[in-house]
Each structure stands twice: as C-alpha cells, then as structure tokens.
Amino acid sequence: MKKRTLAIASDHGGVELKQSLTIYLQESGTEVADLGTNGSESVDYPDYAQKLSEWVEKNPGNMGILICGSGIGMSIAANRNPNIRAALCHDGLSASLSRRHNDANVLCLGARLIGIETAKDCVNEFLNSEFEGGRHQKRIDKLSILQRESQ
Ligand code: RB5
C-alpha cells in the first residue's frame, strides 16, 4: 500500500469498522488521522463528514474515509463541499473506478452493508488506484463548473 496520510471518521453506526480499518491501515504503514467518533453514543453524520471534508481540503492530495451505517448519509454530506468528490463503494471494483475515472478523494463505506474483508478490498483499491485523467478530466472540470454556476 502507498504511503500517504489519510483521515478517517464515522458516526456511531460505523465506529467499529472505523476502528478495525484504522488498525489495518496503521499496520500497513499508513498514517491515519482519526477524527472520531469514538464511542457508541448516537451522533450526527453531517458533523463528521464536515470535519473530515475540511481536513481533506486543507491537505491537498490527501484522502479520507467516511463510514456510517449505509454510507449514504456520509456521501451526501461530504459532496456538499466543492473540493470533495466522495464515492460510496461496495466492492473493490467500484472503489478502483472511483479513483481511476472520478478522481474521488473520499471513500464512503456502509458498515451495516459490508464486512471487514470487503471494506479492506475497497480501501486497498482506493489507495492504490490512480486517476487516469484524459477524457475523465474534462468531466471532473464540468463538475466544478456546475458547482460554480449553482452558487
Ligand atoms: C444511523 O443510525 C444511520 O442513519 C447512519 O449511520 C447512516 O446510515 C445514514 O446514512
């Protein structure tokens, strides 16, 4: 796995998977900033999506992982930020494509929908796949244009 700094965050629905993935990543030599939550108390996913999105925006080139029960709330919330491209993935192929075609900088996972082995596959593909540019860059540029026009 490539050496890069990653941030990870979850709500209460994703906290156990977050802890397992953090240990897995650290053991693979990846530096991980754990932005919470760290208990079973109910919290709101937009708060953690925002915290992680701000971290990613301040650390260009770095990436984040967001986990909630389904991954859906986290992906909706993170994509409110203009510089975040958050991808909700359920297998290694979708995680790889999210990097290669969409230049995703945040991986969203649903802890109640996938197990730890699938989550590891998603993380490995996400971290080891590179954006292919070319025709995909033009489409990413259009996302930024849409964003500016809607403001
Ligand atoms: C929390 O119960 C749950 O709604 C949340 O983790 C997430 O699945 C929302 O999209």
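Scroll up to find the structure.
The present account deals with the structure reproduced in this document. (Residues numbered from 1 in each chain as written. Predicted model: local features only at pLDDT ≥ 70, side-chain atom pairs only at ≥ 80, totals over all residues. Heavy atoms only, no water.)

For the peptide bond that leads from Gly 36 to Thr 37, omega is 0°, which places it in the cis range. Positioned with a positive phi, Asp 103 is a non-glycine residue whose angle comes to about 50°.

On to the sheet that holds strand β3 (residues 63–68). The sheet built from five strands is open, its strands ordered β2-β1-β3-β5-β4 with parallel pairing. Strands with a single pairing partner mark the edges of an open sheet, and in this sheet they are β2 (31–34) and β4 (86–88). Neighbour-to-neighbour, the strand axes of the sheet open up by a mean angle of 25°, direction not taken into account. Relative to β3, strand β1 (residues 5–10) runs parallel, the two being bridged by five bridges. In the strand pairing of β3, Leu 6 is matched with Met 63. Together, β1, β2, β3 and β5 (106–110) form the strand contacts of helix α1 (residues 15–27), whose direction differs from that of β1 by roughly 165°. (Pairing = 2+ DSSP bridges. Helix = DSSP H or I, 4+ residues; strand = E, 2+ residues; numbered from the N terminus. Axes fitted to C-alpha atoms, helices over the stretch in contact; angles between N-to-C directions. Contact = heavy atoms within 4.5 Å.)

Let's shift gears to the site of the ligand. Around the ligand lies a shell formed by Asp 11, His 12, Tyr 45, Cys 68, Gly 69, Ser 70, Gly 73 and Arg 112. The separation between an oxygen atom of the ligand and a polar main-chain atom of Gly 69 is 2.7 Å. The separation between an oxygen atom of the ligand and a polar side-chain atom of Arg 112 is 3.4 Å. The protein chains hide 69% of the 290 Å² of surface that the ligand would expose on its own. Classifying every residue of the shell around the ligand gives two nonpolar, four polar and two charged. (Near = heavy atom within 4 Å. Polar contact = N/O pair within 3.5 Å; in protein donor to acceptor, adjacent residues only side chain to side chain. Areas by Shrake-Rupley, 256 points an atom, 1.4 Å probe, with all protein chains shown as cover. Nonpolar A, V, L, I, M, F, W, Y, C, P; charged D, E, K, R; others polar.)

A word on the pairing of β3. Most of β3 is tucked away, with six of its six residues classed as buried. Residues Met 63, Ile 65 and Ile 67 of β3 are buried on one face, and the alternating residues Gly 64, Leu 66 and Cys 68, pointing to the opposite face, are buried as well. As defined by bridge partners, β3 adjoins β5 across five bridges and the pair is classed as parallel. Across the sheet, the residue bridging to Ile 67 is Leu 109, located in β5. (Buried < 20%, exposed > 50% of the residue type's maximum accessible area, 1.4 Å probe, protein only.)

Take the packing of helix α4 (residues 92–100) against helix α5 (residues 116–128) next. Contact geometry of α4 with α5 gives a least axis separation of 8 Å together with a crossing angle of 20°. Our classification of the angle between α4 and α5 gives roughly parallel. Crossing geometry of α4 relative to α5 is assigned as right-handed. Contacts from Gly 92, Ala 95, Ser 96, Ser 98 and Arg 99 in α4 reach Asp 121, Cys 122, Glu 125 and Phe 126 in α5. Tallied by class, the residues present in the contact of α4 with α5 amount to three nonpolar, three polar and three charged. (Parallel < 35°, antiparallel > 145°, perpendicular 65-115°, else oblique. Left-handed = near helix turned anticlockwise from the far one by under 90°.)

Turning to a positive patch on the surface, a few remarks are in order. Together, Arg 135, Lys 138, Arg 139 and Lys 142 give the surface a local cluster of positive charge. In this structure, Arg 139 sits in helix α6 (residues 135–149). (Patch = residues over 30% accessible without salt bridge, like charges linked within 9 Å, V, L, I, M, F, W, Y side chains within 5 Å. Salt bridge = Lys/Arg side-chain N within 4 Å of Asp/Glu carboxyl O. Lys, Arg positive; Asp, Glu negative; His and termini not counted. Charge placed at Lys NZ, Arg CZ, Asp CG, Glu CD.)

Keep in mind these numbers describe shape, not what the thing actually does.
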